[in-house]
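The lines below spell out each chain.
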Amino acid sequence: MPLRWQLPHGVAVVMSLAGDGDLRLAPARAAWCAANAVPVPRVCEQVHGCAVLADDASGTGDARVSADPLVALGVFGSDCPPLVLAAPDALAVAHCGWRGTAAGIVGATVTALAARSAHPPSAWTALVGPGVHPDDYEVDATVLTALAW
């Protein structure tokens, strides 16, 4: 049973669980979406950076943005939490690993959504999804010094 949230502006957020397997492969993702009655999202090849792709663009990046209400967007993560930003007229999703976060993925995603939305950020809704539990994931000095926390 996937995790589900209903956000304002008609945005449904659906997340798979670890037991659902690796959904990075298109056939597995399509089967999971069909079994859970959700549209197959457009995803990108994530690289732990801060590039944001338009919904119809191909390539590498860690976020997607769209003003098309018929397009589903998706990102992958386990220890890296997802970010969903929903404006009344546009949507953005981001994979927020520590490398991307340190590189500016959140700011880049906000900028990309602002370029597509006629509404100010005060009209948006944000959801930070779950990641791996701290007891199951260790960080070292590289992570802790990547950004001035």
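Residues numbered from 1 in each chain as written. Predicted model: local features only at pLDDT ≥ 70, side-chain atom pairs only at ≥ 80, totals over all residues. Heavy atoms only, no water.

## Examining the sheet that holds strand 7 (residues 125-128)
To be explicit about the condition: Strands pair, by our definition, only if DSSP identifies at least two bridges between them. Each helix is a run of DSSP H or I of at least 4 residues and each strand a run of E of at least 2, with the numbering of both proceeding from the N terminus. Lines fitted to the C-alpha atoms define the axes, with helices restricted to the stretch that makes contact. Angles between their N-to-C directions range from 0 to 180 degrees. Whether two residues touch is decided by their heavy atoms; if any such pair falls within 4.5 Å, the residues are in contact.
Ordered by their spatial adjacency, 5 strands build an open sheet running 3-4-6-5-7, and the pairing between neighbours is mixed. Of all strands in the sheet, those with a lone pairing partner are strand 3 (52-54) and strand 7, marking the two edges. The mean inter-strand angle of the sheet, taken between neighbouring strand axes irrespective of direction, is 15°. Sheet strands touched by helix 3 (residues 105-116): strand 3, strand 4 (63-66), strand 5 (82-87) and strand 6 (90-95). Its angle to strand 6, the strand with the most contacts, is close to 165°.

## As for the environment of Gly-19
Position of Gly-19 relative to the elements: it lies in the loop between strand 2 (11-15) and helix 1 (26-35). Along the chain, Gly-19 and His-9 lie 10 residues apart, while their C-alpha atoms are 30 Å from each other.

## A closer look at the side chain of Asn-36
This is how it is decided: Any pair of N or O atoms that falls within 3.5 Å is considered a polar contact. Within protein, one atom must be able to donate a hydrogen and the other to accept it, and sequence-neighbouring residues count only if both atoms are side-chain atoms.
Within the element layout of this structure, Asn-36 appears in the loop between helix 1 and strand 3. A polar contact of 2.9 Å, which involves the side chain of Asn-36, links it to the backbone oxygen of Trp-32. Contact partners of Asn-36, with chain neighbours within four places excluded, come to Pro-2 and Arg-4.

## Focus: the pairing of strand 7
So the rule is basically this: Summary of the burial criterion: residues with accessible area below 20% of their type's maximum are buried, those above 50% are exposed, and those between are partly exposed, where the area comes from a 1.4 Å probe applied to protein chains only.
Here strand 7 shows a clear split, with Thr-125 and Leu-127 buried on one side and none of Ala-126 and Val-128 buried on the other. Direction of pairing for strand 5 relative to strand 7: antiparallel, over a ladder of 4 bridges. The residue of strand 7 that forms the bridge with Ala-86 is Thr-125.

## Quick notes on the environment of Gln-6
Positionally, Gln-6 belongs in strand 1 (residues 3-7). Residue class for Gln-6 comes out exposed when judged on its relative accessible area of 57%. Excluding anything up to four places from it in sequence, Gln-6 contacts Val-11 and Ala-12. Within the structure, the side chain of Gln-6 is placed 3.2 Å from the backbone oxygen of Val-11, a separation counted as a polar contact.

## Some words on a nonpolar patch on the surface
We count it as follows: A patch is a set of surface residues, each over 30% in relative accessible area and not in a salt bridge, joined within 9 Å for like charges and within 5 Å for the nonpolar side chains Val, Leu, Ile, Met, Phe, Trp and Tyr. For the area figures, the Shrake-Rupley method with a 1.4 Å probe applies, and any residue is considered shielded solely by the protein chains shown. One side-chain nitrogen of Lys or Arg within 4 Å of one carboxyl oxygen of Asp or Glu is enough to make a salt bridge.
Nonpolar side chains collect at one region of the surface, where Val-132, Tyr-137, Val-139 and Leu-144 lie side by side and expose about 330 Å² of accessible area between them. Its place among the elements puts Val-139 in the loop between strand 7 and helix 4 (141-144).

## Here's the deal with the nonpolar core
The tendency in soluble globular proteins is for nonpolar side chains to be buried side by side. Put simply, the rule is: Here, nonpolar core means buried Ala, Val, Leu, Ile, Met, Phe, Trp, Tyr and Cys residues that are tied together by side-chain atoms lying within 4.5 Å of each other.
Ranked by size, the top nonpolar core spans 13 residues in total, and within it Leu-85, Ala-94 and Leu-113 carry the most contacts. When residues of this core are traced back to their parent elements, those giving at least two are strand 4, strand 5, strand 6 and helix 3. Those residues in contact with Leu-85 that lie beyond four places of it in its chain are Ala-90, Leu-91, Ala-92, Thr-109, Val-110, Leu-113, Trp-124, Thr-125 and Ala-126. Counting 11 residues, the second-largest nonpolar core is a separate cluster that includes Val-11, Val-71, Val-84 and Leu-91.

## Details of the pairing of strand 5
Most of strand 5 sits inside the fold, with 6 of its 6 residues counted as buried. Every second residue of strand 5 is oriented toward a common face, with Pro-82, Val-84 and Ala-86 on one face and Leu-83, Leu-85 and Ala-87 on the other, all of them buried. As defined by bridge partners, strand 5 adjoins strand 6 across 6 bridges and the pair is classed as antiparallel. Residue Leu-85 lies in a different strand from strand 6, and its bridge partner there is Ala-92. What sits between strand 5 and strand 6 in their antiparallel hairpin is a turn of 2 residues.

## Structural notes on the state of the cysteines
Our working definition: Cysteine sulfur pairs qualify as disulfides if the two atoms are within 2.5 Å.
Counting across every chain of the model gives 0 disulfides. Note on Cys-96: no disulfide assigned, nearest cysteine sulfur contributed by Cys-80 at a separation of 8.6 Å. Taking relative accessible area as the criterion, Cys-96 reaches 13% and is therefore assigned buried.

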